[in-house]
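Understanding the architecture of this molecule
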Amino acid sequence: MPDGVIVKALSGYYYVKPIANGRAVTTEGQRAIQCRARGVFRDRGISPLVGDHVVYTLSDHDEGTVTEVKPRHSQLIRPPVANVQFAVLVFSLREPDLNLPLLDKFLVHIEHSGLDAIICLTKQDLLEDKVIDQKDPITYVQELYEQIGYEVILTSSRSGMGQEQLRERLAGHICVFSGQSGVGKSSLLNALMPSLALETNEISMKLGRGKHTTRHVELIELDNGAFVADTPGFSQLDFLEMEVGDLSACFREFKAYADHCKFRGCSHLHEPGCKVTEALGKGEIAQIRYDNYVHFYAEMKDKKRRY
């Protein structure tokens, strides 16, 4: 029986793309196979998800039945996608201007989901003579996040810069693309695979951006075995799924210091013997990252009180 990956789930049907050795079987013009799931899944409380690796059988009418869902190595609640390996955070340097607090908020949610993240900076060709902390924005952001341990890739849909590097990182993986509107996610995907030019607009409508559409998750298949969720569902970023005590662990540079704080459960705000604030004072933790942590902490406390 063939293996496949669910690329869309809608109205009780699962649309499966064949895979071999963990990669999509790229046959020109090949459509996803419309499948039903065996009733035994309902009996066991199993609900197949987009991104699931499955075993399926084919009928005489080119339809299929999902007979087995293979073990997942990850699962996102919002959006409901299985087996995502990393998130690509697409942020522009101009139009709109780079928003570091929003970038950090995305990173918090992705860390809490247990995923790794790639920071993809776009539109650097629109930069003027702008300086952050006595550095140009690209150098500043690269140094800030690479020191923490994140991979930063610079791309340009106009010049092609960074596109091959990103293609290589995506190859054979399931990932989510995220970022605020207008940063160039669709342009970047089209540049990675030009044949998506029309499909991206169609998928945008299917994913619920249209006025009379049903919102669902769908994976876009690239020609290198990668599957991309274009709208990963981090749209609200409201912290309601997190506890305040979880926030510190989502700032990965805090960990080496937080383990040695004087008090267990230290909030890293005002406690004596806090190694995080001590590291901040020594310049070992970036002030802007700490400021965003304090802001998020207060936001979470306020939301917990109101809800």
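Everything discussed here concerns the structure shown above.
The sections below set out a description of the structure shown in this document. The structure displayed is predicted, hence computed values, not measured ones.

About the cut-offs
Residues numbered from 1 in each chain as written. Predicted model: local features only at pLDDT ≥ 70, side-chain atom pairs only at ≥ 80, totals over all residues. Heavy atoms only, no water. Core = buried A, V, L, I, M, F, W, Y, C linked by side-chain atoms within 4.5 Å. Buried < 20%, exposed > 50% of the residue type's maximum accessible area, 1.4 Å probe, protein only. Helix = DSSP H or I, 4+ residues; strand = E, 2+ residues; numbered from the N terminus. Contact = heavy atoms within 4.5 Å. Pairing = 2+ DSSP bridges. Axes fitted to C-alpha atoms, helices over the stretch in contact; angles between N-to-C directions. Expected span 1.5 Å × (residues − 1). Polar contact = N/O pair within 3.5 Å; in protein donor to acceptor, adjacent residues only side chain to side chain.

With that out of the way, let us pick up the nonpolar core. Among the nonpolar cores identified, the biggest contains 48 residues, and Val66, Leu100, Leu103, Leu107, Ile119, Leu121 and Tyr145 are the most heavily contacted of them. With six residues, helix H3 (residues 137-148) is the largest single contributor of residues to this core. Once residues lying within four places of it in the same chain are set aside, the contact partners of Leu107 are Leu89, Ala117, Ile119, Tyr145, Tyr150 and Arg289. Core analysis: the second largest hydrophobic core is formed by 20 residues, Met242, Cys261, Val276 and Ala279 among them.

Right, let's get into the sheet that holds strand S12 (residues 174-178). Taken together, six strands build an open sheet; the order of strands is S11-S10-S9-S12-S14-S13 and the sheet is mixed. In this open sheet, the two edge strands, each paired with only one partner strand, are strand S11 (151-154) and strand S13 (219-221). Averaged over all adjacent pairs, the angle separating strand axes in this sheet is 30°, with direction ignored. Bridge analysis of strand S9 (residues 86-92) against S12 gives four bridges, and the strand direction is parallel. Bridge pairing links Phe86 to Cys175 in S12. Packing of H3 onto the sheet brings it into contact with strand S10 (116-122) and S11, and relative to S11 it is tilted by some 155°. Sheet strands in contact with helix H4 (residues 163-170) are S9, S10, S11 and S12, and its direction is about 140° off that of S11.

Our next topic: H3. Think of an α-helix as 3.6 residues a turn; residues three or four steps apart then line up on the same face. Between its first and last C-alpha, H3 extends 17 Å over 12 residues, near the 16 Å set by a 1.5 Å rise per residue. Packing partners of the buried residues in H3 comprise helix H2 (100-112), S10, S11 and helix H9 (287-306). At the C-terminal side of H3, Gly149 shows a positive phi close to 120°.

Looking now at the side chain of Asp104. Counting through the fold element by element, Asp104 comes out in helix H2. For Asp104, a relative accessible area of 1% corresponds to the buried category. Here Asn292 takes part through its side chain, which lies 2.7 Å from a polar atom of the side chain of Asp104.

What follows concerns H2. Compared with the 18 Å implied by 1.5 Å per residue over 13 residues, the 18 Å span of H2 between its first and last C-alpha is a close match. With 10 of 13 residues buried, H2 is to be regarded as a mostly interior element. Those residues of H2 not exposed but buried are Leu100, Leu103, Asp104, Lys105, Phe106, Leu107, Val108, His109, Ile110 and Glu111. For H2, the N-terminal capping position is held by Asn99, with its side-chain oxygen 3.0 Å away from the main-chain nitrogen of Leu102.

As far as function goes, none of this settles anything; it's purely spatial.
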